[in-house]
Each structure stands twice: as structure tokens, then as C-alpha cells.
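Inside the fold
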Amino acid sequence: MQIMTDQFQKELKSHGSDGFPFLVSYERLSRYESGSFSWHWHPEVEITLIRSGRMLYRVNQQSWHLKEGDLFFGNANTLHAGSMEDAGDCEYVSITFLPKLIYGFAQSTVCSRYVDPVIQNFSLPAILFDGSQTWHQDIAALFCQLIRLDAEKPDYYELDVVICLQQLWKALLEHLPPAAPQSPRMKNEYDRVRDIVTFIELNYMRKISLKDIADHICLNENACSHLFKKYMNVSLVSFLQEYRIERSLEYLHRDESISEISEKVGFSNPYYYSRVFSKIKGISPQKYRNQG
């Protein structure tokens, strides 16, 4: 399986209900094709606890090596992806929620003073709670309380969840460093990176070039490549190749030839596809198919 997104890389999965946008999910990376979930974003905040194993977690331009016991805060609207490390599985539990559960309505003082400064801070894509500071235990305890509430669904369940989320948010605010000044340029750059990822998702099956991508966001090729590398910590060409390989995995479980698959995901010929596949996955497409 793989995370389903729309044409803008926004995840289609429902995170709770419209009336109560709060969801607890128990996951493992082995459920996903090749042990990884691909780049996506959603308007919800996501907090993840690693229950066993390890995960390489990427958010925007940064990477974290998460281990058992680590708790990870992913800010709203950030591009993120995760994969196995050392070919080992990883079990984790995630809580996702819309920030409006904390502030109530968009014009509220709670929203403008305490929530917007966090979720609109482009220099704060994520926070790792690894127990290295004493206040991390407070966050972990509140996270576990939310898990218990979701499992038991006591009377006043929704009210208790909201109170717990507000306590967690307050504990977070009390220890965050002063926000770095935000600039329109930073937001513009991040929006352009998201446009690049969206363009690739919509056009990976065609023979697109770096110039095609650069023209789409109105930059020259060098500036486009530099911008993407700055935010995603990988070259644009490598990202396109890896994305095409990931999209080809679903076809390898069907009765289609390697030549047909390579064409469907935008490679110039099946030999080049097989060479790139082997470089990224460590085995040939045919061997990957046989293992499935």
C-alpha cells in the first residue's frame, strides 16, 4: 500500500471526522511498498511515537533518525516522508489533529496568540522529543494520556481530548525558543518546492526534463535545482528518479512486462529503468517481483 494523495500531494485520508478532527493510528512501515511512505502533507499536526525499530523521517529539508521511544512532532502543512533504516521494520503510533481543536475559531485570541505563531512558523517543521530534556517527559505523558483516552472512550471523551491537547500545546509553547523572523521569501520558496513535487506527481510518467520543471515555477534550471536541494536535501534529478521507481512498484505486482512498466513511469528504456531500480533498491525489478 501507499499513502493516497490528491494532485497537490495533500493526503486524502480522513484524520477523524469533520465534527472531531482527531485520529490515533497504529502503523508499521512494512505495510507500505518498499517499507516507506512517500512525500505528502496535510493540514493536521502529527505527533508520532516510535514503538519499535527505527525510521528515517524527513520533513521539508531536514532528516531525523528516529529510534524506539522517540516522540516526534510534525507541524501542520509540512511535506514529510518516512522509510526503514537497515531494512528493519518500524512500528509506530501517530496522533493527528486539526489545530482548531485547540483554538476553537480562527478569529480567536487563542488562535492568533498561541497557535498561529507555531503552525505558521516555516523554520519549525518538526521537533524531536528524545528524553534529553526533562520537559520531554511531560509531552510524552500527555501523548500517552491521549492514547488511553482514545482506547477507552470514557464519558466526556471529546472534551477530555481537547483539554489534553491544550495542555500539550501549552507545554510545547513554554519551551519553544523565540520564533525566527519569517519572511515572504521563505514562504515563497517553500510554496515553489511544493509546486515542484506536485508537478512531478502529475507528470512523472512523461519524459519531463529539469527545464520543464524550472519553467513551471518560473526559475532558471540552476536556481530551481539549488532551491530544491536546499529544502529537500536531495538533488531534483535523484528525487525524480526515486519517485518514478516508487511509483513503479505497484505495477510489478501486475502481469505487465518490465518494458511496459518502465514506459509507464517515464523511463527512456527498460534497461535504464532496471539499472536505476537496482541502484536504488539493491535488486533488479524482476527479483523484486519474484519476492512479492
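Refer to the structure above for everything that follows.
Looking at the pairing of strand β5 (residues 62-66)
Remember that side chains alternate between the two faces of the sheet whenever the strand is regular. In the sheet, strand β4 (residues 55-59) pairs with β5 via five bridges, with the strands oriented antiparallel. If you follow V59 over to β5, its bridge partner there is Q62. From the end of β4 to the start of β5, which pair antiparallel, there are two residues, and N60 there has a positive phi angle of about 50°.

Focus on the environment of K211
Along the polypeptide, K211 turns up in helix α6 (residues 210-216). Residue classification places K211 among the partly exposed positions, given a relative accessible area of 45%. Distance in space between the C-alpha atoms of K211 and C224 is 9.0 Å, their sequence separation being 13 residues. A distance of 2.8 Å separates the side chain of K211 from the side chain of D215, its partner in a polar contact.

Quick notes on the sheet that holds strand β2 (residues 36-40)
Across the sheet, which stays open at both edges, the four strands sit in the order β2-β7-β4-β5 with antiparallel pairing between neighbours. Among the strands making up the open sheet, the edge pair consists of β2 and β5. Taken pair by pair, the neighbouring strands of this sheet meet at an average axis angle of 15°, ignoring direction. The pairing of β4 with strand β7 (residues 80-84) spans five bridges and is classified as antiparallel. Bridge assignment links Y57 to a residue of β7, and that residue is G82.

Regarding helix α7 (residues 221-232)
Between its first and last C-alpha atoms α7 spans 16 Å; for 12 residues at 1.5 Å apiece the expected length is 16 Å, and the two agree. Turning to α7, the residues buried within the fold contact β2, β5, α5 (184-203), α6 and α8 (236-248). For α7, the side-chain oxygen to backbone nitrogen distance between the N-cap and N222 is 3.2 Å, and the N-cap itself is N220. Looking one or two residues past α7, N233 carries a phi angle of roughly 60°, positive in sign.

Considering the sheet that holds strand β3 (residues 45-53)
The five strands lie next to each other as β1-β8-β3-β6-β9, forming an open sheet whose pairing is antiparallel. The sheet is open, and its two edges are formed by β1 (22-28) and β9 (126-129), each paired on a single side. The average angle at which neighbouring strand axes cross in this sheet is 15°, direction not considered. Both strand β6 (residues 71-74) and β9 contribute to a ladder of four bridges, which runs antiparallel. Counterpart to G74 in the pairing with β9 is A126.

About the criteria used
- Residues numbered from 1 in each chain as written.
- Predicted model: local features only at pLDDT ≥ 70, side-chain atom pairs only at ≥ 80, totals over all residues.
- Heavy atoms only, no water.
- Pairing = 2+ DSSP bridges.
- Helix = DSSP H or I, 4+ residues; strand = E, 2+ residues; numbered from the N terminus.
- Buried < 20%, exposed > 50% of the residue type's maximum accessible area, 1.4 Å probe, protein only.
- Polar contact = N/O pair within 3.5 Å; in protein donor to acceptor, adjacent residues only side chain to side chain.
- Axes fitted to C-alpha atoms, helices over the stretch in contact; angles between N-to-C directions.
- Expected span 1.5 Å × (residues − 1).
- Contact = heavy atoms within 4.5 Å.

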